[in-house]
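# Chains, contacts and geometry: an overview
Residue-level listing of the chains:
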Amino acid sequence: MSNFKDIFNQYNWDTLMQEIYSFTATDVQQVLLKDEINLADFQVLISPAAKPFIENLAQRSKALTRKRFGNTIQMYVPMYLSNECQNICTYCGFSLTNKIPRKTLTDEEILKEVAYIKQLGYDHILLVTGEANSTVGVAYLKNAIKLIRDHFSNISIEVQPLNQEEYETLIDEGLYAVLVYQETYNRATYKTHHPKGKKSNFDYRLDTPDRLGKAGIHKIGLGALFGLDDWRVDSFYTALHLKYLQQTYWKTKYSISFPRLRPHEGEVPPKVEMTDADLVQLICAYRLLDEDVELSMSTRESETFRNNVINLGITSMSAESKTNPGGYVVDRQSLEQFEISDERGTNKIKAMIQSQGYEVVWKDWDTSYSKK
């Protein structure tokens with residue numbers, strides 16, 4: 001059975017960049033006349049030539065999103081279990097080279113965090129760790145899921161890539177979704193930012209969504225970390241990855257996230273800036289490409305941006321996020337993975353969403369049909 005790497009190897013980063021930056025306003029106008037958008041059209045819509053057409057993109061994106069998802073915004077919350085990590089990543093506060101106090105939550109501490117999160121109303125939780133197999137490997141994750149599964153309808157994880165059999169073990173315990181970002185699809189840039197640790201294996205990370213699809217996971221989250229390299233080329237590769245997965249593992253749902261580099265311990269400046277207008281353009285282009293894919297916005301972004309982007313295609317948001325282990329009640333001073341921009345509490349985010357005519361959904365809308 002083929003995997004995404006076979007398709008990935010058919011493309012060249014520099015050639016794609018040249019193509020994306022060569023499109024004209026006429027090319028954009030021709031694409032906007034189409035009812036259905038393909039990957040070639042997506043290239044045009046994320047090009048610099050499409051920037052003057054953002055209003056047109058936004059109106060179509062809004063209409064498609066409401067058609068598919070209605071007036072709903074799903075809310076979820078991340079819970080960081082550990083900041084221990086065996087990788088060196090130049091852009092991450094948890095990197096092995098950063099001399100920081102390391103912390104991994106105990107069972108008692110996990111339940112304290114859960115109690116706080118539940119009283120806020122959340123029914124969808126994202127468990128996050130650094131990548132340290134010896135301390136927060138499969139056994140630790142399995143125990144954490146068993147510990148909290150009666151408290152949440154949806155449990156997702158954002159941890160180190162695992163083998164297919166390991167994912168199957170966690171799915172059997174109640175795992176619902178896995179978020180795994182390639183960070184960048186440029187091999188050379190990837191190596192520069194991941195010089196040591198298991199994460200330095202580009203191909204193993206690239207193959208992770210394939211292993212998840214074969215394991216039968218309910219939902220896979222994709223994305224690139226904008227700032228490591230050209231966001232337009234990385235976004236094309238992400239879209240290419242998405243379309244391959246949808247065709248190959250058609251029973252699985254998919255989401256796209258849009259993380260931009262944020263300040264952190266051991267800071268590396270963005271190689272390429274992605275402006276707010278750029279991000280709006282990208283969100284709308286994804287929606288025109290795929291009206292079914294979930295588009296998620298984290299608290300990395302500012303209050304103003306998050307307020308305005310709700311109407312443009314976003315279907316899920318986090319709120320009141322803490323990016324440090326125990327950050328809600330157990331150890332509020334432990335080191336964050338990155339700084340949060342939108343620090344509003346859950347009730348304020350809920351009120352903001354409702355003020356724009358949207359209903360807040362506290363769990364993934366599909367799970368109730370499959371839950372035993």
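These remarks concern the structure in this document. (Residues numbered from 1 in each chain as written. Predicted model: local features only at pLDDT ≥ 70, side-chain atom pairs only at ≥ 80, totals over all residues. Heavy atoms only, no water.)

### Quick notes on the overall build of the protein
This is how it is decided: For the purposes of this entry, the term helix denotes a DSSP run of H or I that reaches at least four residues, the term strand denotes a run of E that reaches at least two, and both are numbered from the N terminus. The globule rule used for comparison is 2.2 Å times the number of residues to the exponent 0.38, while the radius of gyration itself is calculated over C-alpha atoms. Using a 1.4 Å probe on the protein chains alone, a residue whose accessible area is under 20% of its type maximum counts as buried, one over 50% counts as exposed, and one in between counts as partly exposed. We call two residues in contact whenever any of their non-hydrogen atoms come within 4.5 Å of each other. Accessibility throughout is a Shrake-Rupley quantity obtained with a 1.4 Å probe, and a residue counts as covered only by protein chains that appear here. Under this rule, positive means Lys or Arg and negative means Asp or Glu; His and the chain ends count for nothing. Where a charge lies is defined by one atom per residue type, namely NZ (Lys), CZ (Arg), CG (Asp) and CD (Glu).
The secondary structure content of the protein amounts to 17 helices and nine strands. Relative to the 2.2 N^0.38 estimate, which gives 21 Å for 372 residues, the radius of gyration of the protein is 20 Å and therefore close to what a compact globule would have. The dimensions of the protein, computed from C-alpha atoms along their principal axes, are 60 × 45 × 40 Å. Out of the 372 residues belonging to the protein, those deemed buried represent 59%. For the protein, the proportion of contacts with a sequence separation of at least 24, taken over those separated by at least 6, is 76%. When the accessible area of the protein is evaluated, it comes to approximately 15,100 Å², of which 47% is carbon and sulfur surface. Here the protein contributes 43 positive and 49 negative side-chain charges, whose respective centroids are spaced 3 Å apart.

### Overview of the packing of helix H13 (residues 231–248) against helix H14 (residues 276–289)
For the record, the criterion: Lines fitted to the C-alpha atoms define the axes, with helices restricted to the stretch that makes contact. Angles between their N-to-C directions range from 0 to 180 degrees. Reported orientations rely on four angle classes, namely roughly parallel under 35 degrees, roughly antiparallel over 145, roughly perpendicular from 65 to 115, and oblique for the rest. Helix crossings are classified by the rotation of the near helix relative to the far one: an anticlockwise turn of less than a right angle makes the crossing left-handed, while a clockwise turn makes it right-handed. Think of it as three bins: nonpolar holds Ala, Val, Leu, Ile, Met, Phe, Trp, Tyr, Cys and Pro, charged holds Asp, Glu, Lys and Arg, and polar takes everything else, Gly as well.
Running from N to C, H13 and H14 point in directions that differ by 20°, and their axes come no closer than 12 Å. Here H14 runs roughly parallel to H13, going by the angle between their axes. The handedness of the crossing between H13 and H14 is right-handed. Here Trp231, Arg232, Ser235, Thr238, Ala239 and Lys243 of H13 come into contact with H14, specifically with Asp278, Gln281, Leu282, Tyr286 and Leu289. Class assignment for the residues of the contact of H13 with H14 results in five nonpolar, three polar and three charged.

### Looking at the nonpolar core
Generally speaking, nonpolar side chains in soluble globular proteins are found buried as a group. Selection criterion: Residue types Ala, Val, Leu, Ile, Met, Phe, Trp, Tyr and Cys, when buried and joined through side-chain atoms within 4.5 Å, form a set referred to as a nonpolar core.
In terms of nonpolar packing, the biggest core is built from 101 residues, with Phe42, Ile110, Ile125, Leu127, Phe258, Leu282 and Ile353 touching the most fellow members. Not counting residues within four places of it along the chain, the set of residues in contact with Leu282 comprises Phe42, Ile46, Phe226, Trp231, Ser235, Phe258 and Met274. Grouped together as the second largest cluster of nonpolar side chains are 14 residues, Tyr76, Leu126, Val128 and Leu179 included.

### Some thoughts on the pattern of salt bridges
Should their charged atoms come close, side chains of opposite charge can pair. Put simply, the rule reads: Salt bridges are identified by distance alone: a Lys or Arg side-chain nitrogen within 4 Å of an Asp or Glu carboxyl oxygen.
Scanning the model with the defined rule gives 24 salt bridges in all. Among the ionic pairs, Arg232 bridges to Asp278, the shortest N-O distance being 3.9 Å. Placement of Arg232 in helix H13 and of Asp278 in helix H14 is noted, with a sequence separation of 46 residues between them. When its relative accessible area of 5% is taken as the criterion, Asp278 is described as buried. In the salt-bridge network here, residues are joined through shared partners; they are Glu131, Glu183, Lys199 and Arg205.

### Section: the packing of aromatic side chains
Rule in force here: Only Phe, Tyr and Trp rings take part, Trp by its six-membered ring, and two of them pair if their centres are within 6.5 Å. Stacked means planes under 30 degrees apart, edge-to-face means over 60, and tilted covers everything else. The criterion is that NZ of a Lys, or CZ of an Arg, lies within 6 Å of the ring centre and within 35 degrees of the ring normal, and then a charge sits over that ring.
The full count for this structure, using the stated rule, is 16 aromatic pairs. Geometrically, the ring pair formed by Phe8 and Tyr237 is tilted, given 5.2 Å between the ring centres and 45° between the ring planes. Residue Phe8 is located in helix H1 (residues 4–8), and its partner Tyr237 is located in helix H13; the two are separated by 229 residues in the primary sequence. You can call Tyr237 buried: its relative accessible area is 1%. On the basis of an interplanar angle of 90° and a centroid distance of 5.1 Å, the ring pair of Tyr190 and Phe202 is categorised as edge-to-face. In this pair, Tyr190 is assigned in helix H10 (residues 187–193) and Phe202 in helix H11 (residues 202–206), connecting sequence segments twelve residues apart. In terms of burial, Tyr190 and Phe202 fall into one category: buried. Every member of this aromatic cluster is reached through a ring pair, and the members are Phe4, Phe8, Tyr11, Trp13, Tyr185, Tyr190, Phe202, Phe236, Tyr237, Tyr244 and Tyr249. The ring of Tyr204 has Arg211 lying over it, and the distance from NZ or CZ to the ring centre is 3.8 Å.

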